[in-house]
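A look at the structure
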Amino acid sequence: MNSSAARDRGSARVRPGRRAALVSTAVGTVAAGMVLALATAASAGTTLATSAAEKGRYFGTAVAANKLSDSTYVGILNREFNMVTPENEMKWDATEPSQGQFNYTNADRIVSHAQANGMRVRGHALAWHLQQPGWAQNLSGSALRSAMVNHVTQVATHYKGKIHSWDVVNEAFADGGNGARRDSNLQRTGNDWIEVAFRTARAADPGAKLCYNDYNTDGQNAKSNAVYAMVSDFKARGVPIDCVGFQSHFNSASPVPGDYQANLQRFANLGLDVQITELDIEGSGTAQANSYATVVKACLAVSRCTGISVWGIRDTDSWRASGTPLLFDGNGNKKAAYTATLDALNGGTTPPTSTPPTTVPPTTTPPTTPPPGAGCTASLSLQTWTGGFVATVRVTAGSSGTNGWAATVTLPSGTAVTNAWNAQGSGTTGTVRFANVAYNGRLTAGQSTEFGFQGAGTPPSGTPSCTAS
Ligand code: G2I
């Protein structure tokens, strides 16, 4: 009774935000003690994205392209989130309305918005029994199988290098107690349709994590057991799968299961990531807030739970708006559920919204050279394939922490950056400088954050240099 997928309407939209830049540049007049106080306050984030990033996670939302002109919506999206999922714009009916004729207009708007604001994108969804264009609904057998393979290839290729994770297959298991596959035109093309979709997606975009995504799999039950068996089999046979998405649409008839964390953990133990992909919880007040906190704490307790996405920004953006299931009310105000979510991300403490100094700071002159251990360091790890690579760079603050940072990577001749996330790159060839984006510039002493980029050509070697501000 929770999502049972798609027949309601709704639309979610979202847009992350950035943190208010506190002091930082008023070096000449700010006492060392005050700088320290600010750095301490910054260790508990003040937005969902910042707080999640401090725990090594992302915090995302579904976005509807037609709401990107709504300034309240975009203001919250840009302030609070660092991952977006197009709510409907990447589905089969939207991207291939006529066979072989692809339309990426609305999905591209969302991807461009994300890229311009340092957010990553969850692709949703390549193969699904719902929201198929009419022509696909009328196909069967090998014609439908070929059409599916072509669709996955074309869409994943169009977005190659721009997608953090793809929901390759969505909702392929039946509800009820027998753990069977859902009957659908795709299922009737043969039981191997799911692994074919995954292999096809990997070939088209080797840098994206490939997820299986479903609902009513949030606790241990016949349906999640069936997904677990499929994923175990895929891992054993080398079918490319990197993550399982748990939609997590909850309400009073389908509350957060008591074994939610344990269920996430058992999937993670198979050697893949888990993600909470479409979170919404019908209700209000303290009960709703507590349920959100339970979900966040469960994810934080599972090291391979890499992020949480809610299915819309304001209650009025939801596919089930009457259930007021989201973190912001219709006017864009933060609900109790928001505060509980932020609190849980911060480990149970509510950060002060501002901490003005109560005494006038002394006017000592700061040192002009950084103290030992100040600045930052960077390290590089690579995932490579013939002709390309994904680089992950870990930036770690020195003993003074950072208000901002930049890491510089030298690329071999002929190599180019094709996409970057969690950092703003300048240039694409030669020596490329990657600067922090709004939500990850401020690091406390010893704290780390990661950004990444995809490249075509030979991967870089050596250690990136790092400068802090
Ligand atoms: O049903 C909730 C979600 C369950 N998991 C998969 C998700 O993809 C699904 O999202 C919902 C969207 O939130 C709705 O916005 O998927 C529905 C369709 O299956 C979406 O509803 C559709 C309406 O059915 C269409 O009439 C409408 O044209 O939204 C379309 C765009 O507004």
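Going by the structure above, here's the rest.
Residues numbered from 1 in each chain as written. Predicted model: local features only at pLDDT ≥ 70, side-chain atom pairs only at ≥ 80, totals over all residues. Heavy atoms only, no water.

1. Section: the environment of asparagine 333
Put simply, the rule is: Starting at the N terminus, helices and strands are each numbered in turn, a helix being any DSSP run of H or I of at least four residues and a strand any DSSP run of E of at least two. We call two residues in contact whenever any of their non-hydrogen atoms come within 4.5 Å of each other.
Summarising the element assignment, asparagine 333 is placed in the loop between strand S9 (305-310) and helix H12 (336-345). Through-space distance from the C-alpha of asparagine 333 to that of threonine 72 is 9.9 Å; in sequence the pair is 261 residues apart. With residues near it in sequence (within four places) discarded, asparagine 333 still touches Leu327 and Phe328.

2. Some thoughts on helix H11 (residues 285-301)
Spelled out, the test is: Between the first and last residue of a helix there are one fewer steps than residues, each counted as 1.5 Å, and that sum is the expected span. Throughout, exposure labels follow a simple rule: accessible area from a 1.4 Å probe, protein chains only, divided by the maximum for the residue type, with under 20% read as buried, over 50% as exposed, and the rest as partly exposed.
Between its terminal C-alpha atoms H11 stretches 25 Å, which fits the 24 Å expected from 17 residues at 1.5 Å a residue. By the burial criterion, the buried members of H11 are Gln288, Ala289, Tyr292, Ala293, Val295, Val296, Ala298 and Cys299. In the core, the buried residues of H11 are packed alongside strand S7 (249-250), helix H10 (260-268), strand S8 (273-281), S9 and H12.

3. Focus: H10
Buried within H10 we find Tyr260, Asn263, Leu264, Arg266, Phe267 and Ala268. Residues of H10 that are buried in the fold lie against helix H9 (222-237), strand S6 (243-246), S7, S8 and H11.

4. Re the pairing of strand S12 (residues 405-410)
Spelled out, the test is: A pair of strands is considered paired only if DSSP assigns at least 2 bridges between the two.
Two strands pair when backbone bridges link them, and S12 and strand S17 (residues 465-468) are joined in this way by 4 bridges, in the antiparallel orientation. Bridge pairing in S17 places threonine 408 opposite serine 465. Two strands pair when backbone bridges link them, and S12 and strand S15 (residues 431-436) are joined in this way by 5 bridges, in the antiparallel orientation. What sits directly across from alanine 406, in S15, is alanine 435.

5. Points about the side chain of histidine 113
Our working definition: A 3.5 Å cut-off defines polar contacts: any pair of N or O atoms within that distance qualifies, except that in protein one atom must be a possible hydrogen donor and the other a possible acceptor, and neighbouring residues in sequence count only when both atoms are side-chain atoms.
Along the chain, the position of histidine 113 falls in helix H5 (residues 105-116). One polar contact links histidine 113 to asparagine 78, side chain to side chain, over a distance of 2.9 Å.

6. Observations regarding the environment of methionine 90
The residue methionine 90 is located in the loop between strand S2 (83-86) and helix H4 (92-95) in this model. Not counting chain neighbours up to four residues away, the residues in contact with methionine 90 comprise Thr95, Ala107, Val111, Val121, Gly123, His124, Ala125, Tyr159, Ile163 and Trp166.

7. Some thoughts on the packing of H9 against H10
Applicable threshold: Axis definition: a line fit to C-alpha positions, over the contact stretch in the case of helices; interaxial angles, taken between N-to-C directions, run 0 to 180 degrees. In these notes the angle categories are as follows: under 35 degrees is roughly parallel, over 145 is roughly antiparallel, 65 to 115 is roughly perpendicular, and the rest is oblique. Crossing handedness follows the turn of the near helix against the far one: under a right angle anticlockwise gives a left-handed crossing, and clockwise gives a right-handed one. Classification convention: Asp, Glu, Lys, Arg as charged; Ala, Val, Leu, Ile, Met, Phe, Trp, Tyr, Cys, Pro as nonpolar; all other residues, Gly among them, as polar.
Two elements in contact, H9 and H10, have axes whose closest approach is 11 Å; the angle formed by their N-to-C orientations is 15°. Taken together, the axes of H9 and H10 are roughly parallel relative to one another. Taken as a pair, H9 and H10 cross one another with a handedness that is right-handed. Between H9 and H10, the contacting residues are Ser224, Asn225, Val227 and Tyr228 on the first element and Asn263, Arg266 and Phe267 on the second. When grouped by side-chain class, the residues that make up the contact of H9 with H10 number 3 nonpolar, 3 polar and 1 charged.

8. Here's the deal with the sheet that holds S12
With antiparallel pairing, 4 strands are arranged side by side in an open sheet as S14-S15-S12-S17. Taken across any chain shown, the strands that pair with only one partner, and hence form the sheet edges, are strand S14 (423-426) and S17. Strand-to-strand, the axes of this sheet are offset by a mean angle of 25°, without reference to chain direction.

9. So, the packing of helix H7 (residues 141-158) against helix H8 (residues 193-204)
In a packed pair of helices, the relevant descriptors are the angle between the two axes and the axis-to-axis distance. Between H7 and H8, the least distance of the axes is 8 Å, while the angle of their chain directions is 30°. On the basis of their axis angle, the class for H7 and H8 is roughly parallel. Handedness of the H7/H8 crossing: right-handed. Each of Arg145, Met148, Val149, Val152, Thr153, Ala156 and Thr157 in H7 lies in contact with H8, whose residues at this interface are Trp193, Val196, Ala197, Thr200, Ala201 and Ala204.

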